[in-house]
Amino acid sequence: VQLVESGGGLVQPGGSLRLSCAASGFTFSSRTMRWYRRAPGKERELVASITGDGGRTDYADSVKGRFTISRDNAKNTVYLQMNSLKLEDTAVYYCYAPLIVGVWGQGTQVTVSS
């Protein structure tokens, strides 16, 4: 079972990034997937989640209206489109699969800075 994130980087405030998380080793389409983040000196925060069929999405209040979670079950990939990025969005972003034993990706750094 593996999750591999990509797409992080350095972006100016107001910019956009799209994170990807490629999954393998489990039945991806039947699983809710989540994105978390951990900012320096802060607790880990649940950012967004999406059900297996993509029919329901949920967001932290801090990102509502700016971030969009989506998935492509044919590609076993979940995405996080991040728009109107703010300085406080700077964090390591992690993909998570709530299996019997939760599985985490390695994380991808997102830095918002002018």
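Residues numbered from 1 in each chain as written. Predicted model: local features only at pLDDT ≥ 70, side-chain atom pairs only at ≥ 80, totals over all residues. Heavy atoms only, no water.

Colleague: Could you give me a rundown of the state of the cysteines, with the residues and numbers involved?
Modeller: Counted by the stated rule, this structure contains one disulfide. Bridging C21 to C95, the disulfide has an S-S length of 2.1 Å. Its S-S torsion of about -80° marks the bond between C21 and C95 as left-handed, since a negative value means left-handed. Of this pair, C21 sits in strand β3 (residues 17-24) while C95 is found in strand β9 (residues 91-97), placing the two residues 74 residues apart along the sequence. Like C21, the residue C95 is buried in the burial classification. (Disulfide = S-S within 2.5 Å. Helix = DSSP H or I, 4+ residues; strand = E, 2+ residues; numbered from the N terminus. Buried < 20%, exposed > 50% of the residue type's maximum accessible area, 1.4 Å probe, protein only.)

Colleague: Could you give an account of the nonpolar core, naming the residues involved and the relevant values?
Modeller: Counting residues in hydrophobic clusters, the biggest one holds 30 residues, and the most contacted among them are L3, M33, W35, V78, L80, M82 and Y93. Mapped onto this core, the elements with two or more residues apiece are β3, β4 (33-38), β5 (45-50), β7 (67-72), β8 (77-82), β9 and β11 (108-112). Setting aside residues no more than four positions away along its own chain, Y93 makes contact with E5, L19, W35, Y36, R37, V47, F67, L80, M82, G107, T108 and V110. (Core = buried A, V, L, I, M, F, W, Y, C linked by side-chain atoms within 4.5 Å. Contact = heavy atoms within 4.5 Å.)

Colleague: Tell me what's going on with the pairing of β5, and back it up with residues and numbers.
Modeller: Every other side chain in a regular strand lies on the same face of the sheet, so the side chains alternate between the two faces. The pairing of β4 with β5 spans five bridges and is antiparallel. Its bridge partner being in β5, Y36 is matched across the sheet by L46. Here β4 folds back onto β5, and the loop between the two strands holds six residues, one of which, G41, carries a positive phi near 75°. The loop that links β5 with its antiparallel partner strand β6 (residues 57-59) comprises six residues; one of these, G54, has a positive phi angle of about 75°. (Pairing = 2+ DSSP bridges.)

Colleague: So what about the pattern of salt bridges? Which residues, and what values?
Modeller: It is possible for side chains of opposite charge to pair when their charged atoms get near one another. Following the criterion strictly, the structure yields five salt bridges and no others. In this structure, the salt-bridge partner of E45 is R37, at a minimum N-O distance of 2.8 Å. The residue D58 makes a salt bridge to R56 at a minimum N-O spacing of 2.9 Å. D58 gets classed as partly exposed once you look at its relative accessible area, which sits at 32%. Residues joined by salt bridges that share partners form a network here, namely R37, E45, R66 and D89. (Salt bridge = Lys/Arg side-chain N within 4 Å of Asp/Glu carboxyl O.)

Colleague: Residues and numbers for the environment of E45, please.
Modeller: Position of E45 among the secondary structure elements: in strand β5. Residue classification places E45 among the partly exposed positions, given a relative accessible area of 25%. In sequence terms E45 and Y93 are 48 residues apart; their C-alpha atoms lie 9.5 Å from each other.

Colleague: Lay out the packing of aromatic side chains in plain terms, naming residues and giving numbers.
Modeller: As enumerated under the stated definition, the model contains five aromatic pairs in all. On the numbers, 6.3 Å between centres and 55° between planes, the contact of F26 with F28 is tilted. Both residues of the pair, F26 and F28, count as buried. Between Y36 and Y96, the aromatic rings sit 5.8 Å apart at their centres with planes inclined by 90°, giving edge-to-face as the arrangement. Here the residue Y36 occupies a position in strand β4, and Y96 occupies one in strand β9, the gap between them amounting to 60 residues. By relative accessible area, Y36 is classed as buried at 13%. (Phe/Tyr/Trp six-rings, centres within 6.5 Å; stacked < 30°, edge-to-face > 60°.)

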